[in-house]
Amino acid sequence: MKLETFFDLHKIRKMNNFKYSNSVLINLILVSIIPFLIWGPFFPDLIVSISALFFLYYSLKNNNFYYFSKKPFIIFLAFCIISSLISLEAEDISLSIKSSLFYFRIGVFSCLIWYLIDRDKSILTYFYYALILCFSALVIDGYIQYFIGVNLSGFKISGNRVSSFFGDELIMGSYLSRLFPLLFALFLIKKKQKYEIYFIGFLFILVDVLIFMSGERSAFFFLNLSTVFIIILIKEYQKFRLVTFIIAIICVVILSLNSSNLNERMFKGPAEDMGLIKSSKEAVIFSKNHDSLIRTAYNMFKDKPIFGHGPKMFRVICKDEKYATGVSPCMTHPHHFYIQLLAETGIIGFLFLFSALSYVVYVAFRQFISIIFKKKRPLTDYQVCLLAGILITLWPFSPNGNFFNNWLMVVYSLPLGFYLQSFYRKNK
């Protein structure tokens, strides 16, 4: 190749911003298709692991550790190291170390998202349309399953609880409610046609109602929590979200009045369990099963309050009569992040999660005060929505899944990567 041709090619690449290595392009593709992976936990975890490895290799090769040198990742890495050390003292070391040793990949994946957005803002568009398509598919399939009794994949509805493509795993509501703030955030920053605004408004209403139809109480609560949080703290599209939310709530009321099963599961049952309305039941934490699990985990914490029994050890230790209490004291996890970390990683692990919650509350409070006194807002509307997605992950007053569950952490890491990118870009 002639020298002049080489420089011409180099100039063209520079002009067109072709600065990606193969590994970055692969990561871009992998990250873009994550919202489509709604049929099980294996593929999302595989993609996160592969992406994390590619990004680590790319960072080492180019001697670029900018994203790993920031406080959020350093704190998270410290948590991972401490959890791994605690695993070495666990009753079942192999089971415990499997969940903690490579847990850092979740943080690496968030940094990867941050990096990719820094390099190419078009990933925001990719994610937006990926989420739109995924949400639309779940809405169509979910409503078909609810009204016909079987979805397009042949999964039958289970006790009036819609699961769509998730099948026997009743986590569709959790998926939608946790990614909804991210979808709204991307909607806010995108250039929109008028017809697109109407479509998104209609989709929001359908998604709100579908989450209720899933029968997942925590998911429905998280939807309401994030929506109220967003409506209070954003400036643009505030009325838009308020109107769509009110319409959805009206539909939910009508639906619950015509479905005794949904009404019992979503409203009456939890209210009776928690003693909010008079009944013959004894007041418990969330439900009898949750109450039993939480009390068992608390007994484990009291025995080893500093370092706990080791990640994923609840499922092993809860069988011990020394700790077990209540009607259903043993499962894979106690269905509450903070209680789980107290039991499995002690106060040390608990403080990491509590610190993250404190940060979110502090920043949200600053935003609220600036609105009250009409000062410059510290957060953009885009950041408020992303923070709402982080808040529902950290919320301490509701049941949760397993903190060391791979599928959950993939979903949780998505808004965090977007938020970190927006935060450090703003500071720059």
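If you're wondering where the values come from, they're calculated on a predicted model, not measured in any experiment.

*Asks:* What's the story with the overall build of the protein in this structure? I'm lost.
*Replies:* Of regular secondary structure, the protein possesses 17 helices and zero strands. A burial count over the protein gives 52% of its 428 residues as buried. If you sum the accessible surface of the protein, you get close to 20900 Å²; carbon and sulfur atoms cover 66% of it.

*Asks:* Help me out: how do you make sense of the layout of surface pockets in this one?
*Replies:* If a probe as big as a water molecule is rolled over the atoms, it shows which places are left empty. Taken as a whole, the largest pocket spans an internal volume of roughly 1300 Å³. Lining of the largest pocket is provided by 50 residues; of these, E216, S218, H335, P399 and N400 occupy positions nearest its centre. For the lining of the largest pocket, the secondary structure elements donating two or more residues are α3 (42-61), α8 (172-189), α10 (217-233), α12 (260-273), α13 (288-303) and α17 (406-427). Of the residues contributing to the lining of the largest pocket, the split by class is 25 nonpolar, 17 polar and eight charged.

*Asks:* Would you mind going over the environment of F147 with me for this structure?
*Replies:* Residue position: F147 is located in helix α7 (residues 122-148). Given the relative accessible area of 62%, F147 is considered exposed. As for F147 and V162, which are separated by 15 residues in sequence, their C-alpha atoms are 9.9 Å apart.

*Asks:* Can you help me understand the state of the cysteines in this one?
*Replies:* What is meant by a disulfide is a covalent connection between two cysteines, made through their sulfur atoms. Applying the stated criterion across every chain yields a total of one disulfide. Disulfide pairing is shown between C318 and C330; the S-S distance is 1.8 Å. Residues C318 and C330 share a disulfide whose torsion about the S-S bond is about 55°; that sign makes it right-handed. In this pair, C318 sits in the loop between α14 (314-317) and α15 (337-372) while C330 sits in the loop between α14 and α15, placing the two residues twelve residues apart along the sequence. Classification of C330 as partly exposed rests on a relative accessible area of 28%.

*Asks:* What's the story with the environment of L46 in this structure? I'm lost.
*Replies:* By the element assignment, L46 lies in helix α3. Taking the C-alpha atoms as reference, L46 lies 9.6 Å from N406; in sequence the two are 360 residues apart.

*Asks:* Before we go on, may I ask you to explain the packing of α8 against helix α9 (residues 194-213) in this structure?
*Replies:* In a pair of packed helices, the angle between the axes and the distance between the axes together describe the arrangement. Running from N to C, α8 and α9 cross one another at 160°; their axes reach a closest spacing of 10 Å. What the angle tells us is that α8 and α9 run roughly antiparallel. The two elements α8 and α9 meet at a crossing, and its hand is left-handed. Note on element contacts: α9 touches α8 through I200, F204, V207, D208, L210 and I211, opposite M172, G173, L176, S177, F180, L183, F184 and F187. Considering only residue class, the contact of α8 with α9 consists of eleven nonpolar, two polar and one charged.

*Asks:* Would you take a moment to explain unusual backbone geometry for this structure?
*Replies:* Across the chain, the bulk of peptide bonds are trans and the bulk of non-glycine residues have phi less than zero. With phi around 60°, Y237 is a residue other than glycine that occupies positive phi space. By the element assignment, Y237 lies in the loop between α10 and α11 (238-257). Even without glycine at this site, K374 takes up a positive phi of about 55°. With respect to the element layout, K374 can be found in the loop between α15 and α16 (381-394). Judged by its relative accessible area of 76%, K374 is exposed.

*Asks:* Looking at this structure, I do not really get a nonpolar patch on the surface. What am I missing?
*Replies:* There is a patch of nonpolar side chains on the surface, built from V228, I232, F365, F368, I369, I372 and F373 and spanning about 650 Å² of accessible area. At the level of secondary structure, the elements contributing two or more residues to the nonpolar patch comprise α10 and α15. Here the nonpolar patch takes four residues from α15, the largest share from any one element.

*Asks:* Looking at this structure, how should I read the packing of aromatic side chains?
*Replies:* The geometry of an aromatic ring pair is captured by the separation of the ring centres together with the interplanar angle, meaning the angle of the planes. Here the structure, examined in full by the defined rule, presents 44 aromatic pairs. Between W114 and Y424 the ring centres are 4.9 Å apart and the planes differ by 20°, which places this aromatic pair in the stacked class. Of this pair, W114 sits in helix α6 (residues 104-119) while Y424 sits in helix α17, placing them 310 residues apart in sequence. On the accessibility criterion, Y424 (13% relative accessible area) is buried. On the basis of an interplanar angle of 85° and a centroid distance of 5.5 Å, the ring pair of F184 and F204 is categorised as edge-to-face. Of the two residues, F184 is situated in helix α8 and F204 in helix α9; the sequence distance between them amounts to 20 residues. Grouped by ring-pair contacts, the aromatic residues F55, Y58, Y66, Y67, F68, F73, W114, Y115, Y359, Y419, F423 and Y424 constitute a single cluster.

The rules behind these values
Residues numbered from 1 in each chain as written. Predicted model: local features only at pLDDT ≥ 70, side-chain atom pairs only at ≥ 80, totals over all residues. Heavy atoms only, no water. Helix = DSSP H or I, 4+ residues; strand = E, 2+ residues; numbered from the N terminus. Buried < 20%, exposed > 50% of the residue type's maximum accessible area, 1.4 Å probe, protein only. Areas by Shrake-Rupley, 256 points an atom, 1.4 Å probe, with all protein chains shown as cover. 1 Å grid on protein atoms, 1.4 Å probe; cavity = no way out; pocket = protein on both sides within 12 Å on 5 of 7 lines; lining within 4 Å. Points joined across faces, edges and corners; volume = space filled by probe spheres on them. Nonpolar A, V, L, I, M, F, W, Y, C, P; charged D, E, K, R; others polar. Disulfide = S-S within 2.5 Å. Axes fitted to C-alpha atoms, helices over the stretch in contact; angles between N-to-C directions. Parallel < 35°, antiparallel > 145°, perpendicular 65-115°, else oblique. Left-handed = near helix turned anticlockwise from the far one by under 90°. Contact = heavy atoms within 4.5 Å. Patch = residues over 30% accessible without salt bridge, like charges linked within 9 Å, V, L, I, M, F, W, Y side chains within 5 Å. Salt bridge = Lys/Arg side-chain N within 4 Å of Asp/Glu carboxyl O. Phe/Tyr/Trp six-rings, centres within 6.5 Å; stacked < 30°, edge-to-face > 60°.

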